[in-house]
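Architecture at a glance
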Amino acid sequence: MSFIMESKLQELTDRVNAIRYRMENAAKGAGRALSEISLCAACKAQPSNIVRLSASLPVDLFGENRMQEMREHQMADAFLGKPCHFIGHLQTNKVRQVVGAVEVIQSVDRVRLVNAIQVEAARQKLVQEILIEVNLGQEDSKAGVHAQDLKPLMEAAAACDNIRILGLMAIPPITQTEDEARRYFANLRTLMEQAKTWQFGNAQLQVLSMGMTGSYEAAIKEGATIIRVGREIYGERVR
Ligand SMILES: *Cc1c(COP(=O)(O)O)cnc(C)c1O
């Protein structure tokens, strides 16, 4: 390995170890087992060689935002066999390339998308696992279904034989304090508790994907089972 890659690996190792340490403390503080929380590396804008270095570290899975990058990383075997989730905005015309290519599509937020996923998953004869993305802050600029529309969307997804809903995902508004962040994460947890009572078929609600750089400890305290961390692993994004 070149000197540059050696030092990059060392830097990534230190960063991931620090995150795992903070994850463990947050879990302990909440009386939770660390083993029920997965670290998803949000690797957008990273080249495949850097993603591959990070795959050798204790990250559990990868989160991709863009189709093109995902394909590059997959072609380069950058995940070293670890799972890949799609976490970015998914256009209906890209569904064909995502279904069956990722373990979980985390960003399902509208009925049209549900229908497209169902058609493609049926064509490929597989069951695609998904999360429903919720827009917790009612922000127009952001993706995600508003809480009041969650039930009909879940109903539509649960009616699809080739879709399995595993839980909920959210990117809450930027907040100033940890308390404020926790309130949003608590809202997502409450929504999932509510959704469990709806008892839709094809749903196994157990995953809460929430918390990023700067907010994942609060998310863990509120029950996150997947945290999605980008900048704290890879540094600030330049492109
Ligand atoms: C980029 C991204 C993250 C990670 O954000 P950081 O602030 O870099 O930790 C998490 N979730 C989604 C959907 C993202 O696009």
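Residues numbered from 1 in each chain as written. Predicted model: local features only at pLDDT ≥ 70, side-chain atom pairs only at ≥ 80, totals over all residues. Heavy atoms only, no water.

Thoughts on the overall build of the protein
Here is the rule: Think of it this way: any DSSP run of H or I at least four residues long counts as a helix, any run of E at least two long counts as a strand, and we number them from the N terminus. Exposure is judged per residue with a 1.4 Å probe applied to protein chains only, and the accessible area is read against the type maximum: over 50% gives exposed, under 20% gives buried, and values in between give partly exposed. Any two residues whose heavy atoms approach within 4.5 Å at even a single point are treated as in contact. The accessible surface values rely on the Shrake-Rupley method and a 1.4 Å probe; as for residues, cover is taken only from the protein chains in view. A positive count includes Lys and Arg, and a negative count includes Asp and Glu. His and the chain ends are not counted in either. By convention, the point assigned to a charge is CZ for Arg, NZ for Lys, CD for Glu and CG for Asp.
Along its length, the protein carries nine helices and eight strands. With respect to the three principal axes, the spread of C-alpha positions in the protein is 55 × 40 × 30 Å. Across the 239 residues that make up the protein, the buried fraction comes to 51%. In the protein, of all internal contacts separated by at least 6 residues, the share reaching a separation of at least 24 is 59%. A total accessible area of about 11,300 Å² is found for the protein, and carbon and sulfur atoms account for 48% of it. Both charge centroids of the protein, one from 29 positive and one from 28 negative side chains, sit 3 Å from each other.

Overview of the environment of Glu 180
Examined against the element boundaries, Glu 180 turns out to sit in helix α7 (residues 178-198). Sequence-wise, Glu 180 and Ala 30 are 150 residues apart; in three dimensions their C-alpha atoms are separated by 17 Å.

Focus: the nonpolar core
Convention followed: Nonpolar cores are built from buried Ala, Val, Leu, Ile, Met, Phe, Trp, Tyr and Cys residues. Side-chain atoms within 4.5 Å join them into one set.
Phe 62, Ile 105, Ile 132, Leu 168, Ile 227 and Ile 233 are the most contacted members of the largest nonpolar core, which totals 71 residues. The element best represented in this core is helix α1 (residues 3-29), accounting for eight residues. Among the nonpolar cores identified, the runner-up in size contains ten residues, and Leu 131, Leu 166, Val 207 and Ile 226 belong to it.

Some points on the packing of α1 against helix α2 (residues 48-55)
Basically, it comes down to this: Axis angles are defined between N-to-C directions and span 0 to 180 degrees, where every axis is a line fitted to C-alpha atoms and, for a helix, only to the segment in contact. Here is the rule for angles: anything less than 35 degrees is roughly parallel, anything more than 145 is roughly antiparallel, 65 through 115 is roughly perpendicular, and the remaining ranges are oblique. Left-handed is the label given to a crossing in which the near helix is rotated counterclockwise from the far helix by less than a right angle, and right-handed is the label when the rotation is clockwise. Each residue receives one of three labels: charged for Asp, Glu, Lys and Arg, nonpolar for Ala, Val, Leu, Ile, Met, Phe, Trp, Tyr, Cys and Pro, and polar for the others, Gly being one of them.
Axis separation between α1 and α2 bottoms out at 10 Å; the angle between their running directions is 50°. The angle between α1 and α2 places the two elements in the oblique class. Of the two elements, α1 crosses α2, and the hand of that crossing is right-handed. Each of Met 5, Lys 8, Leu 9 and Leu 12 in α1 lies in contact with α2, whose residues at this interface are Asn 49, Ile 50, Leu 53 and Ser 54. For the contact of α1 with α2, the class distribution of residues is five nonpolar, two polar and one charged.

A word on the layout of surface pockets
Convention followed: Grid spacing is 1 Å over the protein atoms alone, the probe is 1.4 Å, and a cavity is where that probe fits but cannot get out, while a pocket is an open set with protein on both sides within 12 Å along at least five of seven lines and lining residues have an atom within 4 Å of a point. Grid points are joined across faces, edges and corners, and a volume is the space filled by probe spheres set on the points.
A volume near 300 Å³ is recorded for the largest pocket. Lining of the largest pocket is provided by 17 residues; of these, Pro 172, Pro 173, Ile 174, Met 212 and Ser 215 occupy positions nearest its centre. At the level of secondary structure, the elements contributing two or more residues to the lining of the largest pocket comprise α7 and α8 (216-221). Sorting elements by how many residues they give to the lining of the largest pocket places α7 first, with three residues. Here the lining of the largest pocket is composed, by residue class, of eight nonpolar, five polar and four charged. Here the second largest pocket defines a volume of roughly 230 Å³. Taken together, 13 residues line the second largest pocket, and the ones lying closest to its centre are Ala 42, Lys 44, Met 212, Arg 228 and Arg 237. Residue composition of the lining of the second largest pocket, grouped by class: six nonpolar, three polar and four charged.

Things to note about the environment of Gln 91
Of note, Gln 91 is situated in the loop between β3 (84-86) and α4 (95-98). Each C-alpha atom of the pair Gln 91 and Lys 196 lies 28 Å from the other, and the pair is 105 residues apart in sequence.

A look at helix α5 (residues 111-123)
Put simply, the rule reads: One less than the number of residues in a helix, times 1.5 Å, gives the span that helix is expected to have.
Over its 13 residues, α5 extends 18 Å from the first C-alpha to the last, a length consistent with the 18 Å expected when each residue adds 1.5 Å. Restricting attention to buried positions, one finds in α5 the residues Leu 113, Val 114, Ala 116, Ile 117, Gln 118, Glu 120 and Ala 121. Of the surrounding secondary structure, the elements contacted by the buried residues of α5 are α4, β4 (104-108), β5 (128-134), α6 (150-158) and β6 (163-170). Two residues or fewer after α5 comes Lys 125, characterised by a positive phi angle close to 55°.

Description of the environment of Thr 225
Within the fold, Thr 225 resides in the loop between α8 and β8 (226-229). Sequence spacing of Thr 225 and Phe 3 is 222 residues, and the spatial spacing of their C-alpha atoms is 36 Å. Contact partners of Thr 225, with chain neighbours within four places excluded, come to Arg 32, Glu 36, Ile 37, Ser 38, Gln 206, Val 207 and Leu 208.

Nothing here speaks to function; it is geometry throughout.
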